[in-house]
Amino acid sequence: MIRAFARLASTTIATALIASPALAQGGKIDGADTAWMISATALVLMMTIPGLALFYAGMVRKKNVLATMAQSLAATFLVSILWAVVGYSLAFTGDGAFIGTLDRMFLNGMGMDEISPLAKTIPESLFMIYQMTFAIITVALVAGSVADRLRFSAFLLFCTFWLLLVYVPIAHWVWGGGFLGAAGVIDFAGGTVVHLNAGVAGLVAAYVLGARRGYGSDNLAPYDLTLAVIGTGLLWVGWFGFNGGSALGANSRAAMAIVSTHLAASAGAFTWMALEWWTRGKPSVLGMISGAVAGLGTITPASGFVMPMQAIAIGIIAGGVCFWACTWLKLKVGYDDSLDVFGVHGVGGFTGTLLAGVFAVGALSVTPEMPNGVQGLLEGNPQQVVMQAYGIAVTLLWSGVMTFIILKVIGALVALRVRNEDEVMGLDVSMHGEALQ
Amino acid sequence: MKMVVAIIKPFKLDEVREALTRVGVHGMTVGEVKGYGRQKGHTEIYRGAEYAVNFLPKLRLEIAIASDQLNRVMEALAAAARTGQIGDGKIFVLPVEQAVRIRTGETDVDAL
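(A) Expanded view of the overall build of chain A. A count of helices and strands for chain A gives 15 helices and 0 strands. Compactness check: chain A gives a C-alpha radius of gyration of 21 Å against a globular reference of 22 Å for 437 residues, within 12% of the reference. Dimensions of chain A along its principal axes, counting C-alpha atoms only, are 65 × 55 × 35 Å. When the 437 residues of chain A are sorted by exposure, 58% land in the buried category. When contacts within chain A are restricted to residue pairs at least 6 apart in sequence, those whose partners lie at least 24 apart make up 77%.

What follows is the structure, encoded as structure tokens:
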């Protein structure tokens, strides 16, 4: 039945894609593509400010709300400047297997009508800022695992080093012409580059910094989950730009990615809620929003490669494994990942990247060079699952090892963690001299 | 004069205020407090992390009255604050030695 649907849809999509001006060869700026990508860029920036800022701040204690928001804000302005200075150039120019070039350092030579070979129907400036918003949210995501205890100055250093030494290389490997993309790893909008990457870095950071004071004994309950609900809504809507925009044009693949994204989020929220209701007796609001974000993170790598019904399946699996990771694995292993960056984004990115290899429907990624598109296990191509595992392994290893080294170096320069008394007083007052009344 | 101190469930405040107004109480002081009695606390679960919440939110009413009002006030208060469920709260009565209305300088029962 599903196969029949897929085949029917594949014909439609293939026709639509071939007819789409977005796939025209050579570079020519297209008005519709540009309009959509400008919107998508705004949507993805909105995911971090205020989306992630609210989502995270709502889950910490009252004394750390502003400090948590400060991390999303600082990631936004610091990563933006670094991206324009050198990050974009290293990630998205040239065809080096491991790293890009310095051709676009300081955005040198990026005139008004320049076009990147990676996005042939929109201005390069737009491609640059669209990718900038991805770098911002990835860095901001990591901070959630060490919320309530990471020193602000250490966070600024972390943003800088981590962006340039972890995010930029991995983005280049997968999307910028590097060896993972060339090998055939598929990652539509950031299962490896964004979510697995941020999740693993978060896990390593939680280990290096150690648990919050009072973890396991004191009441560390969230201050205001209404903020987190508002943040989730902004993330959810913003994700239409994150995954839909990753089609890099106003086309049917973008539309299909948005449908998949929304359905996976819904399935994830429903699954987490049901599991929590069943095992804990009550369907919590935090559970519903956690499930939604789990579904969103997990569908991300698969979003432009699967059909809506596969997206629902991915969302259900996402809700299940991320629920398990946050409520069982974390307690069993004993790390204090404050806001479950690893449990939701790491595990979600891992699962989604793998499932993209299982569920990929070739018809969605048909190009003149690849007449069958990227087919997954269910279309008789088990090789794609192996390829996805390869992408996961490389990301996991690089992100994990480099994050550890970066944190150790920063720890030698400034203290990573705030002083005990500052932690007790709260980071709002001790780091920023402000407080919620 | 007596000071009636009542610990009640927060959502009962309006009913209690109306009932006390009907029996001639002209003022009260209300504070948000936390505490526990037989009700104990409850458990909150956040993504699998369970926290025992021992102190539950309640309201503390302080009502100064003339001694001859006491029985009526106690009855009205208890009736209005009661749900029959555990956690309805308690009423304490304390003697009051003096009272002064700051604006006028009136004292004792005249000041209430």
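Having put the structure on the table, let's press on.
(B) Structural detail: the packing of helix H7 (residues 191-209) of chain A against helix H12 (residues 341-359) of chain A. Residue and element names in this part refer to chain A. Here H7 crosses H12 at 145 degrees, and the two axes come no closer than 7 Å. In this structure, the crossing between H7 and H12 has a hand that is left-handed. Along the contact surface, H7 presents Gly191, Thr192, His195, Leu196, Ala198, Gly199, Val200, Gly202 and Leu203, while H12 presents Val341, Phe342, His345, Gly346, Val347, Gly348, Gly349, Phe350, Gly352, Thr353 and Ala356. When grouped by side-chain class, the residues that make up the contact of H7 with H12 number 9 nonpolar, 11 polar and no charged.

(C) Layout of the nonpolar core. If you look at the biggest cluster of nonpolar residues, it comprises 148 residues, and the most contacted ones within it are Val139, Trp162, Ala264, Phe305 and Ile314 of chain A. If you tally residues by element for this core, the top one is helix H4 (residues 124-142) of chain A, at 14 residues. Once residues lying within four places of it in the same chain are set aside, the contact partners of Ile314 of chain A are Ala264, Thr298, Ile299, Ala302, Val306, Gly352, Leu355 and Phe359 of chain A. Formed by 14 residues, the second largest nonpolar core is a distinct cluster that contains Ala6, Ile63, Ile65 and Leu77 of chain B.

(D) Expanded view of the pairing of strand S1 (residues 2-8) of chain B. Residue and element names in this part refer to chain B. Note: S1 against strand S5 (residues 56-65), 7 bridges, orientation antiparallel. Residue pairing in the sheet places Ile8 in a bridge with Leu59 of S5. In terms of strand pairing, S1 meets strand S6 (residues 89-95) through 7 bridges, oriented antiparallel. Counted as the bridge partner of Lys2 is Pro95 from S6.

(E) Just the interface of chain A and chain B, in detail. Taken together, the contacts link 12 residues of chain A with 7 residues of chain B. Within the residue set of the side of chain A that touches chain B, elements represented by two or more residues are helix H10 (285-299) and helix H11 (308-333) of chain A. A total of 4 residues in the side of chain A that touches chain B trace back to one element, the largest contributor, which is H11 of chain A. Split into classes, the residues belonging to the side of chain A that touches chain B amount to 6 nonpolar, 4 polar and 2 charged.

(F) Local environment of the packing of helix H8 (residues 225-244) of chain A against H10 of chain A. All names here are of chain A. At a closest axis distance of 10 Å, the pairing of H8 and H10 adopts a crossing angle of 20 degrees. The angle between H8 and H10 places the two elements in the roughly parallel class. H10 is crossed by H8, and the crossing has left-handed handedness. Together, Leu225, Ala228, Val229, Thr232, Leu235, Trp236 and Trp239 of H8 and Val285, Leu286, Ile289, Ala292, Val293 and Leu296 of H10 make up the contact between the two elements.

(G) Summary view of helix H3 (residues 65-92) of chain A. Residue and element names in this part refer to chain A. With 28 residues, H3 should reach 40 Å at 1.5 Å per residue; the first-to-last C-alpha distance of 35 Å falls well below that figure. Helix geometry: H3 is bent most strongly at Trp83, by close to 65 degrees. Following H3 by one or two positions, Gly94 adopts a phi angle in the positive range, close to 70 degrees.

(H) Broad picture of the sheet that holds S5 of chain B. Residue and element names in this part refer to chain B. The sheet built from 4 strands is open, its strands ordered S2-S5-S1-S6 with antiparallel pairing. Every other strand in the sheet has two partners, leaving strand S2 (29-35) and S6 as the edge strands with one partner each. Averaged over all neighbouring strand pairs, the angle between strand axes comes to 20 degrees, with direction disregarded. Relative to S5, helix H1 (residues 13-22) is tilted by about 10 degrees, and along the sheet it contacts S1, S2 and S5. Along the sheet face, helix H2 (residues 70-81) touches S1, S5 and S6 and points at about 5 degrees away from the line of S1.

(I) How the structure looks around H12 of chain A. Compared with the 27 Å implied by 1.5 Å per residue over 19 residues, the 25 Å span of H12 of chain A between its first and last C-alpha is a close match. Burial analysis of H12 of chain A places 19 of its 19 residues in the buried class, the great majority of the element.

(J) Representation of the confidence of the model for chain B in the model. Per-residue pLDDT for chain B has a mean of 93; in total, 100% of the residues score no lower than 70. The ipTM, which scores confidence in the relative placement of chains, is 0.76 for this predicted complex, and the corresponding pTM is 0.86.

(K) Spatial organisation of the confidence of the model for chain A. Residues at a pLDDT of 70 or more form 94% of chain A, whose mean pLDDT is 94. The model gives residues 11-25 of chain A a pLDDT under 50, and that stretch makes 22 contacts with residues more than four places away or in other chains.

The rules behind these values
Position labels on residues start from 1 in each chain and follow its written sequence. Numbering of ligands from 1 and lettering of chains from A proceed in the order in which they are written. Under the rules for a predicted model, residues below a pLDDT of 70 receive no local features and side-chain atom pairs below 80 are neither given nor counted, while totals for whole chains, interfaces and linings still include all residues. Secondary structure elements are defined from DSSP: runs of H or I of at least 4 residues count as helices, runs of E of at least 2 residues count as strands, and each element is numbered from the N terminus. Here the globule rule is a power law, 2.2 Å times the number of residues to the power 0.38, and the radius of gyration is based on C-alpha atoms. Residue burial is a threshold on neighbouring C-beta atoms within 10 Å of the residue's own C-beta, all placed from the backbone, with 20 or more meaning buried, 12 or fewer meaning exposed, and counts in between meaning partly exposed. Any residue pair is listed as a contact if its two C-beta atoms, each placed from the backbone, are within 7 Å. Axis lines are fitted to C-alpha atoms, over the contacting stretch for helices. Their N-to-C directions set the angle, which ranges from 0 to 180 degrees. Put simply, a crossing is left-handed when the front helix is turned counterclockwise from the back one by less than a right angle, and right-handed when it is turned clockwise. Nonpolar residues are Ala, Val, Leu, Ile, Met, Phe, Trp, Tyr, Cys and Pro. Charged residues are Asp, Glu, Lys and Arg, and all others, Gly as well, are polar. Note on definitions: a nonpolar core is a set of buried residues drawn from Ala, Val, Leu, Ile, Met, Phe, Trp, Tyr and Cys, linked by C-beta atoms within 7 Å. Two strands pair under a simple rule: DSSP has to find at least two bridges between them. When an angle is under 35 degrees it counts as roughly parallel; over 145 it counts as roughly antiparallel; between 65 and 115 it counts as roughly perpendicular; any other value is oblique. To estimate how far a helix should reach, multiply one less than its number of residues by 1.5 Å. What we call the bend at a residue is the angle made by axes fitted to the seven residues finishing there and the seven residues starting there. Confidence scores labelled pLDDT are given residue by residue by the predictor and lie between 0 and 100.

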